[in-house]
Structures are given as C-alpha cells and as structure tokens.
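Here is how the chains run, residue by residue.
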Amino acid sequence: MIFTGDREFGSMRCRYEEALPEYDFLVPKGEIGVSGVLGLSKGILSRHEIRFPEGVESDKLFVSAKTVACYGETARTGLEMNKQFTHVEIAGLESFDYHMEVTAGYSGLDILTCLPLEGRFRVPISCGEDGLCRFRLPRQGTDDVMILFFNDEGQLDNAIPLGKYLTEVGYDWSARSLADVSIRIDFVTASLQIMVGDWTQQIDFSYVL
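Here the residue index of a chain counts from 1 through its sequence in written order. The model is predicted, so local features are restricted to residues of pLDDT at least 70 and side-chain atom pairs to those at 80 or more, both for listing and for counting; the totals for chains, interfaces and linings are taken over all residues. Think of the side-chain values as coming from all heavy atoms in the structure, minus any hydrogens and water.

Q: Help me understand the overall build of the protein, please; the structure alone is not making it clear to me.
A: For the protein, the count of helices and strands is one helix and 16 strands. Within the protein, buried positions represent 41% of all 209 residues. The criterion used for residue contact is that any of the two residues' heavy atoms lie within 4.5 Å. Sequence-distant contacts, at least 24 apart, represent 59% of the contacts inside the protein between residues at least 6 apart. For the protein, the exposed surface amounts to about 11900 Å²; the carbon and sulfur share of it is 48%. Secondary structure follows DSSP: runs of H or I at least 4 residues long count as helices, runs of E at least 2 residues long count as strands, and numbering of each begins at the N terminus. Per-residue accessibility, obtained with a 1.4 Å probe over protein chains only, is compared with the maximum for each type, and a residue is labelled buried under 20%, exposed over 50%, and partly exposed between these values. Reported accessibility uses the Shrake-Rupley method at a 1.4 Å probe radius. Residues are deemed covered only where the shown protein chains occlude them.

Q: What should I look at first to understand the state of the cysteines in this one?
A: Two cysteines whose sulfur atoms are joined by a covalent bond form what is called a disulfide. When two cysteine sulfur atoms lie within 2.5 Å, the pair is treated as a disulfide. With the rule as written, the count across this model stands at zero disulfides. We note that Cys 127 lacks a disulfide partner, and the nearest cysteine sulfur, in Cys 133, lies 4.9 Å from it. Look at Cys 127 and you get partly exposed, because its relative accessible area is 25%.

Q: Would you take a moment to explain the layout of surface pockets for this structure?
A: Regions of empty space are outlined by a rolling probe, equal in size to a water molecule, passed over the atoms. Here a cavity is any set of points on a 1 Å grid over the protein atoms alone where a 1.4 Å probe fits but cannot get out, and a pocket is any open set with protein on both sides within 12 Å along at least 5 of 7 lines; a residue lines the site when it has an atom within 4 Å of a point. Grid points are joined across faces, edges and corners, and a volume is the space filled by probe spheres set on the points. Here the second largest pocket is characterised by a volume of approximately 190 Å³. Taken together, 15 residues make up the lining of the second largest pocket; nearest its centre are Asn 82, Gln 84, Thr 113, Cys 114 and Arg 176. The biggest single contributor to the lining of the second largest pocket is strand 6 (residues 62-70), with four residues. Split into classes, the residues belonging to the lining of the second largest pocket amount to six nonpolar, five polar and four charged. Residues are sorted three ways: Asp, Glu, Lys and Arg are charged, Ala, Val, Leu, Ile, Met, Phe, Trp, Tyr, Cys and Pro are nonpolar, and all the rest, Gly among them, are polar.

Q: I keep staring at the pairing of strand 10 (residues 115-125) and nothing clicks. Help me out?
A: Within a regular strand, side chains alternate between the sheet's two faces. Strand pairing is assigned whenever DSSP identifies at least 2 bridges connecting the two strands. Both strand 9 (residues 99-110) and strand 10 contribute to a ladder of nine bridges, which runs antiparallel. Directly across from Leu 109, in strand 10, lies its bridge partner Pro 116. Between strand 9 and strand 10, which pair antiparallel in sequence order, lie four residues; one of them, Cys 114, sits at a positive phi of approximately 60°.

Q: How should I be thinking about the pairing of strand 6 in this particular structure?
A: Relative to strand 6, strand 3 (residues 30-38) runs antiparallel, the two being bridged by nine bridges. By the bridge assignment for strand 6, Gly 33 is matched with Thr 67. The pairing of strand 6 with strand 7 (residues 82-83) spans two bridges and is antiparallel. Residue Phe 62 lies in a different strand from strand 7, and its bridge partner there is Lys 83.

Q: How should unusual backbone geometry be read in this particular structure?
A: In this structure, Arg 47 is a non-glycine residue whose phi angle is positive, near 55°. A relative accessible area of 55% places Arg 47 in the exposed class. At Cys 114, a residue that is not glycine, the phi angle is positive and equals roughly 60°. On the secondary structure map, Cys 114 appears in the loop between strand 9 and strand 10.

Q: It is not clear to me how the pattern of salt bridges should be interpreted in this structure. Could you clarify?
A: Pairs can form between side chains of opposite charge once their charged atoms are near each other. Salt bridge criterion: a side-chain nitrogen from Lys or Arg within 4 Å of a carboxyl oxygen from Asp or Glu. Applying the stated criterion across every chain yields a total of 10 salt bridges. A salt bridge links Glu 49 to Arg 51, with the shortest nitrogen-to-oxygen separation between them at 3.6 Å. We note a salt bridge from Arg 134 to Asp 130, for which the minimum N-O separation is 2.6 Å. For Arg 134, a relative accessible area of 37% translates into the label partly exposed. One continuous salt-bridge network, built from bridges that share partners, spans Glu 54, Glu 101, Arg 120 and Arg 122.

Q: Quick question: what am I supposed to make of the packing of aromatic side chains here?
A: In this description, a pair of aromatic rings is defined by centroid distance and the angle of the planes. Between 30 and 60 degrees the pair is tilted, below 30 it is stacked and above 60 it is edge-to-face, where a pair is any two Phe, Tyr or Trp rings, Trp via its six-membered ring, whose centres lie within 6.5 Å. Evaluation of the coordinates by the stated rule reveals three aromatic pairs. For the pair Phe 62 and Phe 85, a centre-to-centre distance of 5.8 Å together with 85° between the ring planes defines the contact as edge-to-face. Of this pair, Phe 62 sits in strand 6 while Phe 85 is found in strand 8 (residues 85-91), placing the two residues 23 residues apart along the sequence. Note on Tyr 98 and Phe 149: the rings are 5.7 Å apart at their centroids and 65° apart in plane angle, and the pair reads as edge-to-face. A residue pair is termed long-range when its members are at least 10 positions apart, and Tyr 98 in the loop between strand 8 and strand 9 and Phe 149 in strand 12 (residues 146-150) qualify at 51 residues. With a relative accessible area of 26%, Tyr 98 lands in the partly exposed category.

Written out as structure tokens, the structure is:
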C-alpha cells in the first residue's frame, strides 16, 4: 500500500511465491508511506486497518511500515517485515472442565504505523491432544489480556490476568517484532513459569478453585 495522509496512491495483492522482486508506483513528491502485509487470512482489511472479529484469533501477521522521502525523480525502498502477533502456548489447563476464552482490549493493527487498534478481542480456547492450549494474540496496547473460565451454566467462575503477569516478567508489546510465549501453570503451588524467547521467569499468583 502506497499513501500520503489518508490518500492512497496504489496497492496490490499477490501470493507470496508469485511476488516480484520490485514494483513501480507513480507518486507525488513528498513524504510517502509504504506498507506491506504478509500472512493476512481471516483478518479484515479496510483501508489501512486490519481487524479481527470476535471469535477469530490473530493471523500470523507480518507488517512493514515506513516513510520514504520522494523528492527526486525516483526513490527506492525495501520491506522489513516485522512480526505483529504473539503465539501463546499454555500447559496446565488440560484437566479443567471449563469453557475457556481469552479476551483483550485490542483487536487490530494500523498498518501505516504498526500501532494496535482498540476493540474487543475474544477467542474460545481449548487444549489439544498433547494437553497444550495454543492461541495467537494481535499486538496489544495494554496488559488487560485475560483467560476466563465459564461453568456449564455460562457463568464466569474465575479468571487469570495473563496480561498483567506478562507485564510483570517484562514482556514488551511495543517491540518491533513480538516474541512468542510459553507458560506452565501449576495450581498446586499457585505459580506460573513464563518463557519468553530464551529466558524463563516464575511468578506466584492467587487462584481459588
């Protein structure tokens, strides 16, 4: 996508394996924004915003956003694709007889700035055959990511403030490329072991069954 302000000068979509090494666009002189998106599937792109509706987890989204000074006859730039989602893997929930959901306060991305967009993010989650629960979060702007536990009557029984725990261990939602997270929950010792990248930290928490 090529733009200045809210005015778009060109855009195109193609399969990754069919992309050419270089594309040409005619633009006016000035500061021109250039954005590239890779991995868009279930997210909804409208102008320069990608939104994930309730019930849809984040795509494996990579985005490049930069401003190019176009004052001469030609200008050239490349795309630097940065990871805009967090893959979360949780162990320790497989024995829970609950309907589980993850919620958050940001449900999209502005591809001109790579800043998160406010909106309710909600996705049902469950454990796979290997006992691990996996889901993808879009880039967030606050630490209000929650795991919610509902009983058979649909009543909220309890919750884990996952976002606050990630903040406590230093997770950086403003990083250019977001790190993935692995979590092991031990309800006997009331502790979480959180692994981000190549470092691990354990924190204690309160939870009443």
